[in-house]
Structure formats: structure tokens, C-alpha cells
Amino acid sequence: MTTPTSQSTVSTGHRAVNGVLRFLESRTFVVFFILLTIVVVFLTYRYYGFSYDETYAQERGMRLWRYYFHGHTLSFMKTNFYGMFPDFVAVALQHLIPAMSYWSRHLVSALFGVVGIVYVYKIGSAFFGRLTGSLAMVFLTVNPMWNGYMFINMKDIPFATFMVAGFYYCMRAALGRYTSRSIWVGVAVSVGLLATAKVIGVVILGSFCFVALGAYLIFDPETRLDKALAVRIAKIIGAVVIGCIVMLALFWPQIYLYTPKQLMTAILAFTDFDYNGRVILNGITYHAQTGPRIYMLTYLTICMPIFLLIAVIAGGVLTPIRRHPMAVACVGIIVLYIVYQAVTHATVYGGYRHFTFLIPLAMLVAAWAAAKMLGDRRPEVVRVAGVAVLLLGTAWTLVGTYRVFPYQYSFYNVLVGGLKGAENSYEVDVWRTAPTYYLNRLATTARLTGERPKVHDCSTRLRKKIYPEIDFVDRDDAQYLITNRRSCTKYPDVPTISTLSREGVVLSELHERQPASE
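Residues numbered from 1 in each chain as written. Predicted model: local features only at pLDDT ≥ 70, side-chain atom pairs only at ≥ 80, totals over all residues. Heavy atoms only, no water.

### As for the overall build of the protein
Piece 1. For the protein, the helix and strand inventory stands at 20 helices and 7 strands.
Piece 2. Taking 518 residues into account, the globule formula puts the C-alpha radius of gyration at 24 Å, and the protein, at 25 Å, falls close to it.
Piece 3. With the principal axes as the frame, the protein shows a C-alpha extent of 90 × 65 × 45 Å.
Piece 4. Looking at the protein as a whole, 57% of its 518 residues are labelled buried. (Helix = DSSP H or I, 4+ residues; strand = E, 2+ residues; numbered from the N terminus. Rg over C-alpha atoms; globule rule 2.2 N^0.38 Å. Buried < 20%, exposed > 50% of the residue type's maximum accessible area, 1.4 Å probe, protein only.)

Below, the structure is given as C-alpha cells:
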């Protein structure tokens, strides 16, 4: 028999849970959260180091800038098959605000990441419900797999963002869930920009939509394979063709000068890139083209915060039971591409970054599972406990992210003992961003003293342009030497004056050569 006290407690818990959920679903929360994320981006983008690959990306943007404003020509480049829209935006911002210098890249990249967060919310709220949309937005934002790369990866984050946006517009258009003709503009622009990031993205998006439409035809009684659906699909194809023609002409114009062979090279390069470097998995080093088939699955598993990983697994288990069409689609797409990489043995390296476009879908699955746990039909004790777990899990994830800031892309969960347990067994700061910390310090000192330090560093190849106050010299001529995790790893004969570490793992060291005694 339930006592009056317990009834009062349950009633209070019920009201508290409903209040929290109403707030999470509200437009006020969504707008506030996005604005807060943008503020954090502006406050922190300069803390992130420059990656080794940003030299190529900067050159891409500059080539398009010179094409438009200096009459330079563009040509086929065998090793750099990317469109130039994100890099062009960064270069344009750099020219408009010279004081931003090359840091404009990180601001632009991060803002693309925020756009991706917005579209995850849009997919969640449009196809699952507002609560799922809000939770997916929060989960993606606090996930170090996203918020770490979104400041330094101008290739994979915009690609993932355009993929999510294109998926949103294409599925709304295909299912007839729109009230304005502007949906076709959304389809054209999002898919066109996706093509300018990586041409193969259009094919990947097509597979997304194929799986999702299949799920809706099977599990949604309102979706029918009829003439109306065929007409909408034809319109989508038309919008995609127009969008790709226009966006490629604007941001990858040289593609129209490619020979058929060059065009196929540009497309197929992304299905199995010819990379001759090394990868590391469970402490064993492999050639990138002969790495284990479980490489991608392993990194996606051990790099995701444990709270979010459990939520994703819960969503995966719940999907065949509840058979929500979009949940089936998201889970099916994730499984499809993990299996594809394993079966084809496609070359992957640098951790999970090539499959960053799957992370938003994983967060949608996690958010849907969490929303189901908090449903009205659940016992009140379950709902109250669920809200507590949700808040504590999200807070713990955010704390874990902060502990490795601003090197979140090197985050590892408890399955491998965190970053400390992953040291020497998995990739850590593979893009060599940590040395930027010491380059900033040395450049600041040089500006204050007027003395040019002689530095040996093996991180970003943009260093000479970013830091004109520093003389970059060979090892034997350097006064200061900076280590990183990938190359230039040790200088045992030169005293260490500073160590940069996270969770007990050394990411970079600053060495100073002492003057020879007379």
C-alpha cells in the first residue's frame, strides 16, 4: 500500500521530470545552447594548435582566392582532391580581418561544427521529436570526437556537416514533410557543398537516403512506394544536379577541366586512399594499407565517452524492438559503413577521423534511447533516475572533455584506461597540434624582447608563415627544440625546460640548448 508521503514524493518527482523535459524541448533552451556554444567557440578557438595537414588546406583556399582576385589558373592535383569552399571562407576572413591571421581557419572550422550541431537538432526534432533533437544537440556538442576535431579539421568536419544537412533536406523532401518550396534550395545547396568537400560524398549521401527510405517503406505505414514518392525523388535528383553544377563551378572550378580519368581518380581516391604511412592499434604498428579490419570499429568504440557509448549501444538494442524508421536508418547506416571498411579493407588512418560523418548519427541514436527512457509511460522512479543519469552523464562527459582540452580529439575512454592507458598503444595527437603551445610562447617572448629565437620544430608546415618572429632552423643550429608525438619525439642530449601533458601523458616538450662553456 502506498503511503501519502510516497505519493507526494512521486508527484513531486513527476513534476520535476516534466519541468526538466519541457525546458529541454523548448526553443529557449535550443537558442540559448547554440548561442552559448558559439560564444565558447569565439573564446577558445585560438587555444587549438595547428595540424600538420593545414598547410595543404591553406594552399587550397589561397589557390581559389588567387583564381578569383588575381587571375591565376587552377589545375588537377594528384594528391589533393578536395573542393575549396571551407578553406576559401577561412582565407577570405583572413583577408578581411588581417589580425586574425591563420587562426581564422580554426574559427571557420569550428563554426562549421556548430552548423552540424544545429542540423543534428533539426533531424532529431523533425524525425524523432523535440526532446531527441535537443539531447542529440547536447550529446554531439560535448562529445570530444566532435568538439575536438571541429576546431582543427577543415576537411572532415565540414564534410560531416554538409552530409547531415543534406540528409535532413533530402529525407524531408522525399517523405513530403515540407510546407515551403525552399526545401529544394536546401537540397541543392547542402548537397552541392557536400560535393565541393569530397565528390564521393554525394554517393555516400545517396546510400544514407536509400537506407532511410527503405526503413520508412518497411516500418512506416504512411510511406508508400507510389507515383508521388517517385516524383519527389526525381525533384531531389534534379535539385542535386543543379546544386552540384553551381557549387562545383564556384568552389572547385578546375573539376570541369579534368579528363575522365582524372575525374575518376578524384572520386575513387576517397574510397581507398593510397596512404603509405603507419597506424597503431593495441600497441602494434601496421602499414596503413594492411592494418587490422577492426581498426575503425575499435577507434569509434574506445574514443567515445563511455556514457555516450552506452547510450548508443542502448539505442542499437532498442532499435529492432521499437523499429522506429529513422532509428533503423541511423543504426543501419553506421553498421553498413563499419562493415564496409572491414570487408573492403579500405585504408584508414589517424584514428576515426575518416568516419566522422557517422558520429552525428550515433548521437541521434543515443539521444533517442535517452528520450525513450524518460517517456511518460515509464515508472516515475525510472524517469527521475533517468534525468539524474542524463545530467550526471553529460556533466561527466564534459569534465572528461575539459581534462584533455584543447586536445580533445585524443580523448580515450575507460575501456583502454583513458588517455594514459592509450599512450603507446593508440594514436595520440597524431596531427601534431600540441607544439603550437610552445610556438605561441616563444613568439610572444620574441615580440616583447625583439630577439628572434632559433627553433627546431616538426609540427605544422605553416609555422614559418604563422610565426615570422621565429627563425626555424635545423636541429644542430637551434637554441630551442620542440617535440611532438609523431616525429621529433626525443632530444635526450638537450635539457627539458617545460613539459606539456594531459592526464599524465606527455604531448610536447620544450628543450633549450645551453650555451657552450668557455
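Now that the structure has been shown, we can carry on.
### Observations regarding the environment of phenylalanine 151
Piece 1. Counting through the fold element by element, phenylalanine 151 comes out in the loop between helix H7 (144-147) and helix H8 (156-174).
Piece 2. Under the relative-accessibility criterion, phenylalanine 151 is labelled buried at 3%.
Piece 3. Spatially, the C-alpha atoms of phenylalanine 151 and proline 305 are 19 Å apart, while their sequence positions differ by 154 residues.

### Focus: the packing of H8 against helix H10 (residues 200-219)
Piece 1. The interhelical angle for the contact between H8 and H10, taken along N-to-C directions, is 40°, at an axis separation of 10 Å. Judged by the angle between their axes, H8 and H10 are oblique. Between H8 and H10 lies a crossing whose hand is right-handed. Facing Phe159, Met163, Gly166, Phe167, Cys170, Met171 and Ala174 of H8, the residues of H10 in contact are Gly201, Ile204, Leu205, Phe208, Cys209, Ala212, Leu213 and Tyr216.
Piece 2. Looking at the contact of H8 with H10 residue by residue, the class counts come to 13 nonpolar, 2 polar and no charged. (Axes fitted to C-alpha atoms, helices over the stretch in contact; angles between N-to-C directions. Parallel < 35°, antiparallel > 145°, perpendicular 65-115°, else oblique. Left-handed = near helix turned anticlockwise from the far one by under 90°. Contact = heavy atoms within 4.5 Å. Nonpolar A, V, L, I, M, F, W, Y, C, P; charged D, E, K, R; others polar.)

### A short note on helix H4 (residues 85-96)
Think of an α-helix as turning once every 3.6 residues; residues three or four places apart then point the same way.
Piece 1. With 12 residues, H4 extends 16 Å from end C-alpha to end C-alpha; this agrees with the ideal 16 Å at 1.5 Å per step.
Piece 2. Within the sequence span of H4, burial applies to Phe85, Pro86, Asp87, Phe88, Ala90, Val91, Ala92 and Gln94. (Expected span 1.5 Å × (residues − 1).)

### Some words on a nonpolar patch on the surface
Piece 1. On the surface, Tyr67, Tyr68, Phe69, Ile233, Ile237, Val241, Ile242, Ile245, Val246, Leu250 and Tyr256 cluster together into a nonpolar patch covering about 1,000 Å² of accessible area.
Piece 2. It is helix H11 (residues 227-251) that provides the largest number of residues to the nonpolar patch, a total of 7 residues.
Piece 3. Position of valine 241 among the secondary structure elements: in helix H11.
Piece 4. Judged by its relative accessible area of 44%, valine 241 falls in the partly exposed class. (Patch = residues over 30% accessible without salt bridge, like charges linked within 9 Å, V, L, I, M, F, W, Y side chains within 5 Å. Areas by Shrake-Rupley, 256 points an atom, 1.4 Å probe, with all protein chains shown as cover. Salt bridge = Lys/Arg side-chain N within 4 Å of Asp/Glu carboxyl O.)

### Brief notes about the layout of surface pockets
Piece 1. For the second largest pocket, the calculated volume is near 510 Å³.
Piece 2. What lines the second largest pocket is a set of 22 residues, among which Val40, Thr141, Val142, Asn147 and Leu398 lie closest to the centre.
Piece 3. Residue assignment for the lining of the second largest pocket shows that the elements contributing at least two residues are helix H2 (27-44), helix H6 (130-142) and helix H17 (380-403).
Piece 4. Per element, the largest residue contribution to the lining of the second largest pocket is 8 residues, and it comes from H2. (1 Å grid on protein atoms, 1.4 Å probe; cavity = no way out; pocket = protein on both sides within 12 Å on 5 of 7 lines; lining within 4 Å. Points joined across faces, edges and corners; volume = space filled by probe spheres on them.)

### Regarding the environment of glycine 243
Piece 1. Examined against the element boundaries, glycine 243 turns out to sit in helix H11.
Piece 2. Glycine 243 gets classed as buried once you look at its relative accessible area, which sits at 5%.
Piece 3. As a C-alpha pair, glycine 243 and alanine 188 span 55 residues in sequence and 4.0 Å in three-dimensional space.
Piece 4. What glycine 243 contacts, discounting residues up to four positions off in sequence, is Ala188 and Gly192.

### A word on empty space enclosed by the protein
Piece 1. All chains considered together, the criterion is met by 5 cavities of 30 Å³ or more.
Piece 2. Roughly 110 Å³ of volume is contained in the largest cavity.
Piece 3. Lining the largest cavity are 13 residues, with Ser51, Asp53, Ile152, Asn153 and Lys155 sitting closest to its centre.
Piece 4. Considering each element in turn, the lining of the largest cavity owes the most residues, 3 residues, to helix H3 (residues 54-69).
Piece 5. For the lining of the largest cavity, the residue count by class is 5 nonpolar, 2 polar and 6 charged.

### Re the packing of aromatic side chains
Piece 1. Enumeration according to the criterion identifies 37 aromatic pairs in this entry.
Piece 2. Their ring planes at 40° and their centres at 5.7 Å tell us that phenylalanine 29 and phenylalanine 33 sit as a pair that is tilted. Remark: phenylalanine 33 and phenylalanine 29 occur in helix H2; sequence separation between them is 4 residues, near one turn of the helix.
Piece 3. Following the ring pairs from residue to residue traces out a cluster consisting of Trp65, Tyr67, Tyr68, Phe69, Phe85, Phe88, Phe112, Phe162 and Phe251.
Piece 4. Sitting above the plane of the tyrosine 52 ring, arginine 432 keeps its charged end 3.8 Å from the centroid. (Phe/Tyr/Trp six-rings, centres within 6.5 Å; stacked < 30°, edge-to-face > 60°. Lys NZ or Arg CZ within 6 Å of the ring centre and 35° of its normal.)

### Quick notes on the pairing of strand E1 (residues 278-281)
Piece 1. As defined by bridge partners, E1 adjoins strand E2 (residues 284-287) across 4 bridges and the pair is classed as antiparallel. Bridge pairing in E2 links valine 279 to tyrosine 286.
Piece 2. From the end of E1 to the start of E2, which pair antiparallel, there are 2 residues, and asparagine 282 there has a positive phi angle of about 55°. (Pairing = 2+ DSSP bridges.)

### Things to note about the confidence of the model for the protein
Piece 1. Residue-level pLDDT values for the protein average 90, and 95% of them are 70 or greater.
Piece 2. In this model residues 1-9 is a low-confidence stretch, pLDDT under 50, and it forms 1 contact with partners more than four residues away in sequence or in other chains. (pLDDT = per-residue confidence, 0-100.)

### Notes on the pattern of salt bridges
Piece 1. Applying the stated rule across the entire model yields 13 salt bridges.
Piece 2. A salt bridge links aspartate 53 to lysine 155; the nearest nitrogen and oxygen atoms lie 3.0 Å apart. Highlighted residues: aspartate 53 in the loop between H2 and H3 and lysine 155 in the loop between H7 and H8, separated in sequence by 102 residues.
Piece 3. On the basis of relative accessible area, lysine 155 is assigned to the buried category, the value being 14%.
Piece 4. The salt bridge involving glutamate 423 is made with arginine 485; its shortest N-O contact spans 3.3 Å. With glutamate 423 in the loop between helix H18 (418-422) and helix H19 (436-449) and arginine 485 in the loop between strand E5 (480-482) and strand E6 (496-502), the pair connects residues that are 62 residues apart, well separated along the chain.
Piece 5. Judged by its relative accessible area of 21%, arginine 485 falls in the partly exposed class.
Piece 6. If you follow the salt bridges from partner to partner, you end up with Glu54, Arg60, Asp87 and Arg105 in one network.

### Points about the side chain of arginine 463
Piece 1. Its location among the elements puts arginine 463 in helix H20 (residues 463-466).
Piece 2. In this structure, arginine 463 is buried with no salt-bridge partner, the nearest side chain bearing the opposite charge being aspartate 457 at 4.0 Å.
Piece 3. Only 3.3 Å separates the side chain of arginine 463 from the backbone oxygen of aspartate 457, close enough to count as a polar contact. (Lys, Arg positive; Asp, Glu negative; His and termini not counted. Polar contact = N/O pair within 3.5 Å; in protein donor to acceptor, adjacent residues only side chain to side chain.)

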